[in-house]
Number of protein chains: 2
Amino acid sequence: MPPGLKDVAARAGVSIKTVSNVVNGYVHVAPATRARVQAAIEALGYVPNMAARQLRSGRSGVIALAVPELQSPYFAEIAGLIVQAAEQRSWTVLIDQTDGQAERERNLVAGLRRHAIDGLIFSPLALAGEELAVESGTPMVLLGERVWHGPADHVAIDNTAASADATRHLTSLGRRRIAAIGVQDRPSAVTAHQRLAGFRSVLAEAGLQGREARVESFHRADGAAAMARLLDEGEPPDAVFCFNDLLALGAIRTLLERGLSVPGDVAVIGFDDIEDGRFSTPTLSTIAPDAPRIAQLAVDLLAERLGDGPAAGGAPRELRVDHRLVVRESTSA
Amino acid sequence: MPPGLKDVAARAGVSIKTVSNVVNGYVHVAPATRARVQAAIEALGYVPNMAARQLRSGRSGVIALAVPELQSPYFAEIAGLIVQAAEQRSWTVLIDQTDGQAERERNLVAGLRRHAIDGLIFSPLALAGEELAVESGTPMVLLGERVWHGPADHVAIDNTAASADATRHLTSLGRRRIAAIGVQDRPSAVTAHQRLAGFRSVLAEAGLQGREARVESFHRADGAAAMARLLDEGEPPDAVFCFNDLLALGAIRTLLERGLSVPGDVAVIGFDDIEDGRFSTPTLSTIAPDAPRIAQLAVDLLAERLGDGPAAGGAPRELRVDHRLVVRESTSA
């Protein structure tokens, strides 16, 4: 007969209830006790029967993380940080890539998969507001700028203020012909709208008229193409705020190809602080969200909703995370 | 009463068996039929009871993908491609980040989580050979260079030949003071050993003596530091083969910082063909593995092992995927 909870408890010298707490990933087990139970589990080769356990407890020990795309370095970094934070609670993270498609995001919140997961950390791209209400009641934490005062706990930076900081950095350098790359027209493109609002507010303060370049998506190729259009359609700007780092890296590529210098002729700043920008030539100035804090808060909030904390049933909470301006070669002399 | 299989079948005008095939993600359902069933599922709000289904069928519809780190663009790209390939079979992919730690890889293959997954696609970093045998019998497909003729189906490029191609490209440019960045001493660093073997074989053919720089890991910062050491310790090389693109991007950053030109003074080639290298300045020459093919084969092989194909029970198979040399600015005049 395969070993059971009782055998693990006997070997670890703890109660069956304690073994159960460890197996179910509850956090209120002392680290030393948890280690002893895990050693016993490994020594005996004990395997919890997940299906039976799920039927009994209603908890699978699995949470889902849904992001638009893993190929985006920012989301890959957030995903890695959330996996690490969840690991501390012995949670397994199922990562879902929505490609920002409304239908796949809708399936997600409609709970078609809720049977397999205890909770969801979700960075939506296509849906907003009440569309995000999870009918099944599965606990959810939202990331990103799309929803304030929505149906669930929400962790984000102040996107408009951060964009204003980036733009103000460019005006503070004495640049006057300032362009934005990353404008998107569709109403659901909230990130782009907020970053544009921050850009416009600072230009209005400074009495400047900015140029604005549209993009289809936020990848390097979009930034490269948008920069080429700006150069083809008039006098080159002397500074560009790109709505993420990938756009900025693409824009810099085009500028250097055209024989312009960065930052001499054109200063460029991005947004996200992905690692690429720390080793590019020139290195990339950017806005750095506090990504480790975002990941930790997302996991902690979800844990509270799952009953491990005081706020299991309260109203949705809004948590704002800090950002900072990082000045590197692409905007400094 | 919530809608059941029967209600979905009636609405879609198909048999209960067909609905069951769709829900279980079997591939031998005609696309039009599948679409009709899915429309009925959505219209009725039918939710399969996963726990009960798993107990009954022994299949959860979930596979695991274990990669060393999502923050590595190469693994993020592979993960995204595998999620897409699995989506075609209605599989959910649980992504596990092992950080290349032997203990976490061992837990994985020991099947501590096998209760929740039907199969595993695994790119190991720490384990090799028989250590990778999955005791639980969970079907597994291995990726990467660590295991040939191991205990499971295996998909990889010919790593040593690809490295020889990269090095031969440098000698064909007339470069003679050639260095490698990415050497690792520990026996488990199979990727590094194979890439070094390819490098050495071509230098031996050409009667050249190469310099070899060690790294702790394969990140940009390691490449930057290794390049600095090569420059500090002797005459600059006139060409460098870096064992991945991140190392190469770090190395180029150091070269440009020191006032050397790329490729004028030093030609640089990487390995992986990540997107970063297509927009860096200079753009990065590299070896491109056929990543979409790797992802598709991994999913297809796993599906066969899961009984959707003819080879459900056969001996482990070795599939070699093509690679190609991509010449960009970092090695061309």
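Residues numbered from 1 in each chain as written. Chains lettered and ligands numbered in written order. Predicted model: local features only at pLDDT ≥ 70, side-chain atom pairs only at ≥ 80, totals over all residues. Heavy atoms only, no water.

Draft legend 1. Inspection of the overall build of chain A at higher detail. If you tally the helices and strands in chain A, you get twelve helices and twelve strands. In chain A, which comprises 333 residues, the proportion classed as buried is 59%. Long-range pairs, those at least 24 residues apart, make up 69% of the contacts in chain A between residues at least 6 apart in sequence. Carbon together with sulfur atoms contributes 51% to the accessible area of chain A, which is approximately 13,000 Å² in total. (Helix = DSSP H or I, 4+ residues; strand = E, 2+ residues; numbered from the N terminus. Buried < 20%, exposed > 50% of the residue type's maximum accessible area, 1.4 Å probe, protein only. Contact = heavy atoms within 4.5 Å. Areas by Shrake-Rupley, 256 points an atom, 1.4 Å probe, with all protein chains shown as cover.)

Draft legend 2. Region of the structure containing the sheet that holds strand β11 (residues 318-321) of chain B. Residues and elements named next belong to chain B. If you trace the six strands from one edge of the open sheet to the other, you get β2-β1-β3-β4-β5-β11, paired in parallel fashion. The open sheet has two edge strands, β2 (92-97) and β11, and neither has a second partner. Between one strand axis and the next, the sheet turns through 20° on average, direction left out of account. Here strand β3 (residues 119-122) runs beside strand β4 (residues 140-143); their pairing, made up of three bridges, is parallel. Residue pairing for β4: phenylalanine 122 is matched across the bridge by leucine 142. (Pairing = 2+ DSSP bridges. Axes fitted to C-alpha atoms, helices over the stretch in contact; angles between N-to-C directions.)

Draft legend 3. Here's a closer look at unusual backbone geometry. Residue Pro282(A) follows Thr281(A) across a cis peptide bond; omega there is -5°. You will see that Asp273(A), though not glycine, has its phi angle at about 60°, which is positive. Here Asp273(A) is to be found in the loop between β9 (267-269) and α11 (276-279). Of note in the backbone geometry, Asp272(B) takes a positive phi value of approximately 130° without being a glycine. Taking the relative accessible area as the measure of exposure, Asp272(B) reaches 12% and is therefore buried.

Draft legend 4. Main features of the sheet that holds strand β6 (residues 178-183) of chain A. Residues and elements named next belong to chain A. Taken together, four strands build an open sheet; the order of strands is β7-β6-β8-β9 and the sheet is parallel. Whereas interior strands pair on both sides, the edge strands pair on one side only; in this sheet they are β7 (211-214) and β9. Averaged over neighbouring strand pairs, the angle between their axes works out to 20° when direction is ignored. The pairing of strand β8 (residues 239-242) with β9 spans three bridges and is parallel. The residue bridging phenylalanine 241 from the neighbouring strand is isoleucine 269, located in β9. Its contacts with the sheet place helix α9 (residues 220-232) against β6, β7 and β8, and it is angled at close to 140° to β7.

Draft legend 5. View of the environment of Gly223(A). All names here are of chain A. Here glycine 223 lies in helix α9. Under the relative-accessibility criterion, glycine 223 is labelled buried at 0%. As a C-alpha pair, glycine 223 and glycine 182 span 41 residues in sequence and 7.7 Å in three-dimensional space. Setting aside chain neighbours within four positions, we find glycine 223 in contact with Ile181, Leu247, Gly250 and Ala251.

Draft legend 6. The packing of helix α1 (residues 5-12) of chain B against helix α3 (residues 31-44) of chain B, seen in detail. Residue and element names in this part refer to chain B. Across the interface, α1 lies against α3 with an axial gap of 9 Å and an inter-helix angle of 120°. Judged by the inter-axis angle, α1 sits oblique to α3. Between α1 and α3 lies a crossing of right-handed hand. In this structure, α1 contributes Asp7, Val8, Arg11 and Ala12 to the contact, and α3 contributes Arg36, Val37, Ala40, Ile41, Ala43 and Leu44. By residue class, the composition of the contact of α1 with α3 is seven nonpolar, no polar and three charged. (Parallel < 35°, antiparallel > 145°, perpendicular 65-115°, else oblique. Left-handed = near helix turned anticlockwise from the far one by under 90°. Nonpolar A, V, L, I, M, F, W, Y, C, P; charged D, E, K, R; others polar.)

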